[in-house]
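One-letter residues, chain by chain:
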Amino acid sequence: MGKTRGRACIVVLGDIGRSPRMQYHALSLASQASLQVDIVAYGGSEPHMAILQNQSIHIHKMKQWPISPQALPKMIYPLILLLKPLFQLLILLWYLCVKIKAPDVFIVQNPPSVPTLAAVKWASWLRNSAFIVDWHNFGYTLLALSIGRNSRFVAVYRWFERHYGRMADGSLCVTRAMQHELAQNWGITASVLYDQSPEFFHPASFEEKHKLFCRLDKFFSQPHGIHDCASYGMGKRNVDETLFTSIVDGDILPKPNRPALVVSSTSWTPDEDFGILLEAAVMYDRRVAAILNENDSALDEVIWKEISDRKEYLYPRLLFVITGKGPEKEKYEEKIRRLHLKRVAFRTMWLSAEDYPLLLGSADLGVCLHTSSSGLDLPMKVVDMFGCGLPVCAVAYSCIEELVKVDKNGLLFSSSSELADELLRLFKGFPNECNALKLLRNGAVEMSSSRWATEWEEHAKPLILEVISKNSK
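Conventions adopted
Residues numbered from 1 in each chain as written. Predicted model: local features only at pLDDT ≥ 70, side-chain atom pairs only at ≥ 80, totals over all residues. Heavy atoms only, no water. Salt bridge = Lys/Arg side-chain N within 4 Å of Asp/Glu carboxyl O. Buried < 20%, exposed > 50% of the residue type's maximum accessible area, 1.4 Å probe, protein only. Helix = DSSP H or I, 4+ residues; strand = E, 2+ residues; numbered from the N terminus. Axes fitted to C-alpha atoms, helices over the stretch in contact; angles between N-to-C directions. Parallel < 35°, antiparallel > 145°, perpendicular 65-115°, else oblique. Left-handed = near helix turned anticlockwise from the far one by under 90°. Contact = heavy atoms within 4.5 Å. Nonpolar A, V, L, I, M, F, W, Y, C, P; charged D, E, K, R; others polar. Patch = residues over 30% accessible without salt bridge, like charges linked within 9 Å, V, L, I, M, F, W, Y side chains within 5 Å. Areas by Shrake-Rupley, 256 points an atom, 1.4 Å probe, with all protein chains shown as cover. Pairing = 2+ DSSP bridges. Polar contact = N/O pair within 3.5 Å; in protein donor to acceptor, adjacent residues only side chain to side chain. Right-handed = clockwise from strand over helix to strand, strands pointing away.

**Q** Would you mind going over the pattern of salt bridges with me for this structure?
**A** Where side chains of opposite charge bring their charged atoms close, a pairing between them can arise. Within this structure, the stated rule accounts for 15 salt bridges. The partner of E334 in a salt bridge is R338, with the nearest N and O atoms 3.4 Å apart. Residue class for E334 comes out partly exposed when judged on its relative accessible area of 34%. In this structure, R425 and D407 form a salt bridge, with 3.3 Å as the shortest nitrogen-oxygen distance. Pair noted here: R425 is in helix 14 (residues 416-427) and D407 is in the loop between strand 14 (392-395) and strand 15 (410-413), with a separation of 18 residues, a long-range link. Under the relative-accessibility criterion, R425 is labelled partly exposed at 46%. Members of the salt-bridge network, linked through shared partners, are R21, D134 and D195.

Listed below in structure tokens is the structure:
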């Protein structure tokens, strides 16, 4: 091959705006390895402004498979399962072999595996480039969620994923548990590259919080029902007030009777049981009523106003802000509308890549419902929350403790009842006397010092430069 070309290509068979890890790879390849970077992916959501403004990063948006009508007969589903990957394969090969300049290395996100791994491997042969797989999860386990683990398609998919995964020149993965699985059962040696958030994820200042809440005020004032606790008194505020902050003598201050802001990010897919959060919200609502032993009309006054002589019993209103896009969103929004809770409100929204870190940095608690189809990956959303100094309650599964340290930066739960218990424990005495929540926040803030650039420099850059060097000889 001769000398290197000074280029890398990131391949994502998905929406690049919803693939943060691959965006961070692109930024590091450009700034830390001084390479020109081509991103071959689908459009949809805007990537972070840092990607769009970087002169060394070039985005190539592929044409997507046409969305099939919902009313297609089930008998032709197997045909679609064959035709769609063939269409994607041809599009991928066109971009990887013709549209972009030949790179030194292809770095491909897995999953999806079909047909991505084959397309990138063939392109690497044709263009004399190195080939690295970044293992985020296993594609065959995701497929099994929708069609069942015993399906022949799942068995074929696993063979394909393993076969082409072993042909890579190098591999990265997201956990030590996944590294062990790849080594023991797949014959693949992978370097662990833990997800870490970049610098633009950080605890928000009061000024950043106030400006964000001003921008989001219209969303907070639109309840998923006739009326809820977050829209209470919305028409009585002046222009210097938001639901959470106010300006007093030129200073931005948190409101003492504000709701607690709880954030969860979801792709609204079957591997995240959002019903757990809804059930926990109902339990919180009912348990607070039972604890205070008040009738509904009196209870509203207790919850919605600061009552100094009952601080030890005060439990706040909770506003859950759920971000993300996905297939089950409308189903759960309809369930939310039917809840009619008095102390809990929900808002669903999609935020820009710039506002999302600010929301995390402004929140009081994060909730993660990710369970992992393989049990071997870690949720990027929790990494982002820790980057903003936000403590987390997360669903417990096999390797989550590689990230969430119980009673240090977060808590784990296995049921809606456990989550409700944790919400009551953490928010008792909110906002000033919730010591358990403050302890977790301190641990999360310590985690925020770990950054992507440092992790990438230590674990990814050596591998990438090594495979480029070997391939150029």
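From this point, the discussion proceeds with the structure in view.
**Q** Sorry if this is basic, but what is going on with the packing of helix 9 (residues 275-292) against helix 14 here?
**A** When two helices pack together, you describe them by how their axes are tilted relative to each other and by the distance separating the axes. Taken N-terminus to C-terminus, the directions of helix 9 and helix 14 make an angle of 50°; their axes are 8 Å apart at the nearest point. As far as their axial angle goes, helix 14 and helix 9 are oblique. Considering how the two elements wind past one another, helix 9 and helix 14 form a crossing that is right-handed. Within the contact between the two elements, helix 9 uses I276, L277, E279, A280, M283, Y284, R287, V288 and I291 and helix 14 uses S416, S417, L419, A420, D421, L423 and L424. In terms of residue class, the contact of helix 9 with helix 14 is made up of eleven nonpolar, two polar and three charged.

**Q** Help me out: how do you make sense of a nonpolar patch on the surface in this one?
**A** On the surface, a cluster of nonpolar side chains totalling about 370 Å² of accessible area is made up of L79, L83, L86 and L90. Residue position: L90 is located in helix 3 (residues 77-99). Take L90: its relative accessible area is 54%, and that puts it in the exposed class.

**Q** Mind showing me how you'd approach the sheet that holds strand 13 (residues 365-368) here?
**A** Sheet strands associate in pairs through backbone hydrogen bonding, adopting either a parallel or an antiparallel arrangement. Taken in spatial order, the six strands of this open sheet run 12-11-10-13-14-15, and their pairing is parallel. Each edge of the open sheet carries a strand with a single partner, namely strand 12 (344-349) and strand 15. Sheet twist, expressed as the average angle between the axes of neighbouring strands with direction ignored, equals 20°. Note that strand 10 (residues 260-265) and strand 13 share two bridges and pair parallel. In the strand pairing of strand 13, V262 is matched with L365.

**Q** Just checking my understanding: could you explain the side chain of S472 for this structure?
**A** Residue placement: S472 occurs in helix 17 (residues 461-472). According to the relative accessible area criterion, S472 is buried, its value standing at 15%. A distance of 2.8 Å separates the side chain of S472 from the backbone oxygen of S469, its partner in a polar contact.

**Q** Would you mind going over the pairing of strand 5 (residues 130-135) with me for this structure?
**A** Along any regular strand, the residues point their side chains to alternate faces of the sheet. Counting buried positions along strand 5 yields six of six residues, so the element is predominantly enclosed. Relative to strand 5, strand 4 (residues 105-110) is paired through six bridges, and the arrangement is parallel. When the bridges of strand 5 are listed, V108 appears paired with V133. Crossover connection from strand 4 via helix 4 (residues 116-127) to parallel strand 5: handedness right-handed. When strand 5 meets strand 6 (residues 170-173), the two strands line up parallel, connected through four bridges. Paired with W135 across the two strands is C173, which belongs to strand 6.

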